[in-house]
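A structural walkthrough
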Amino acid sequence: MPVAGKPASRLWNGLIARYHYLGYTPLPGAQLRYLIHWDHGILGALGFGAAAWKVAARDRWIGWEPATREAHLGRVLNNARFLILPWVQVKNFASKILALAAGRVGEDFALRYGEPPVLLETFVETPRFRGTCYRAANWRYLGETAGRGKCDRTHQADLPRKAVYVYPLAADFRAALGVA
C-alpha cells in the first residue's frame, strides 16, 4: 500500500533507518514509497525514486546517447530501497513483492506525477546480496556499475560495485525513452 500521510511516512522512514543496511536518507526526486502489509501487521517497505543520472550498462542497453538520456530519464524509476523485516521468513516472498510492485508502480506513479515510468532499475550490492529475488521476478541483469556513485567528483572507484538490474514496464519502452 502506498505511503500516505505523516504517520505512515514516519513508519516507513523508521523501518528503513533501523533495518535497511543503507539506512534512511530521503529518496531523490519524484518518488513512491510502499509499506508491505498483511492482516497481522507490516512485513517490509519498498521505495522508488529518481533514476541514476548515468549508468553505462543501462544506457548502453537502452541505446541512449547523452542528449536522449537527459530528455527521457524521468521515465525511468529506481528501486532505491527494498526491505523485508528480519523476522519475516517466507519462501519466494521477495520475488512476489517485486512482481506485485512492478505491476502497480506505473499506475501509482502516473496518478501522482502525471506520466507513467516505462522502466525500473535497481542496484544490488554484491557480494552482500546475490540479486536472486530480482532474477526470480524477471528483472534483467545488465552488468556492474563502475563503483563511483552519484556524488563522485574525483573519478575514482571508491564505492562497492553494484549489479545493475532493469525491468521494462511497457513493451515499447525503448520508443518511450527516445530510441527508435
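Below is a summary of the structure that appears in this document. Note that the structure is predicted; figures quoted are calculated from it, not measured. (Residues numbered from 1 in each chain as written. Predicted model: local features only at pLDDT ≥ 70, side-chain atom pairs only at ≥ 80, totals over all residues. Heavy atoms only, no water.)

1. Observations regarding the layout of surface pockets
Reported here for the second largest pocket is a volume of approximately 250 Å³. Forming the boundary of the second largest pocket are Met-1, Tyr-34, Leu-35, Ile-36, His-37, Leu-43, Leu-46, Phe-93, Ile-97, Leu-100, Ala-101 and Arg-104. Those elements giving two or more residues to the lining of the second largest pocket turn out to be β1 (32-38), β2 (41-50) and α4 (93-113). Here the lining of the second largest pocket takes five residues from α4, the largest share from any one element. Split by residue class, the lining of the second largest pocket holds 10 nonpolar, one polar and one charged. (1 Å grid on protein atoms, 1.4 Å probe; cavity = no way out; pocket = protein on both sides within 12 Å on 5 of 7 lines; lining within 4 Å. Points joined across faces, edges and corners; volume = space filled by probe spheres on them. Helix = DSSP H or I, 4+ residues; strand = E, 2+ residues; numbered from the N terminus. Nonpolar A, V, L, I, M, F, W, Y, C, P; charged D, E, K, R; others polar.)

2. Some details on the nonpolar core
Counting 34 residues, the largest nonpolar core has Phe-48 and Phe-82 as the members making the most contacts within it. Breaking this core down by element, the ones donating at least two residues are α1 (6-19), β1, β2, β3 (76-84), α4, β4 (119-125) and β6 (162-168). With eight residues, α4 is the single largest residue contributor to this core. Of all hydrophobic cores here, the second largest spans 17 residues; its members include Trp-61, Val-76, Val-118 and Leu-142. (Core = buried A, V, L, I, M, F, W, Y, C linked by side-chain atoms within 4.5 Å. Buried < 20%, exposed > 50% of the residue type's maximum accessible area, 1.4 Å probe, protein only.)

3. So, the packing of aromatic side chains
Aromatic ring pairs are defined here through the distance separating the ring centres and the angle between the ring planes. Applying the stated rule across the entire model yields 10 aromatic pairs. Relative to Tyr-113, the ring of Phe-109 lies with its centre 4.7 Å away and its plane at 40°, an arrangement referred to as tilted. With Phe-109 and Tyr-113 both in helix α4 and four residues apart, the pair spans about one turn of that helix. Looking at Tyr-113, the relative accessible area reads 37%, which means it is partly exposed. On the numbers, 5.9 Å between centres and 25° between planes, the contact of Tyr-134 with Tyr-165 is stacked. Here Tyr-165 lies in strand β6 and Tyr-134 lies in helix α5 (residues 132-136), a separation of 31 residues in the sequence. You'll find Tyr-134 and Tyr-165 in the same group, each marked buried. Connected via pairs of aromatic rings, a cluster forms that spans Phe-82, Tyr-134, Trp-139, Tyr-141, Tyr-165 and Tyr-167. A cation over a ring is seen here: Arg-69 above Trp-53, with NZ or CZ 4.9 Å from the ring centre. (Phe/Tyr/Trp six-rings, centres within 6.5 Å; stacked < 30°, edge-to-face > 60°. Lys NZ or Arg CZ within 6 Å of the ring centre and 35° of its normal.)

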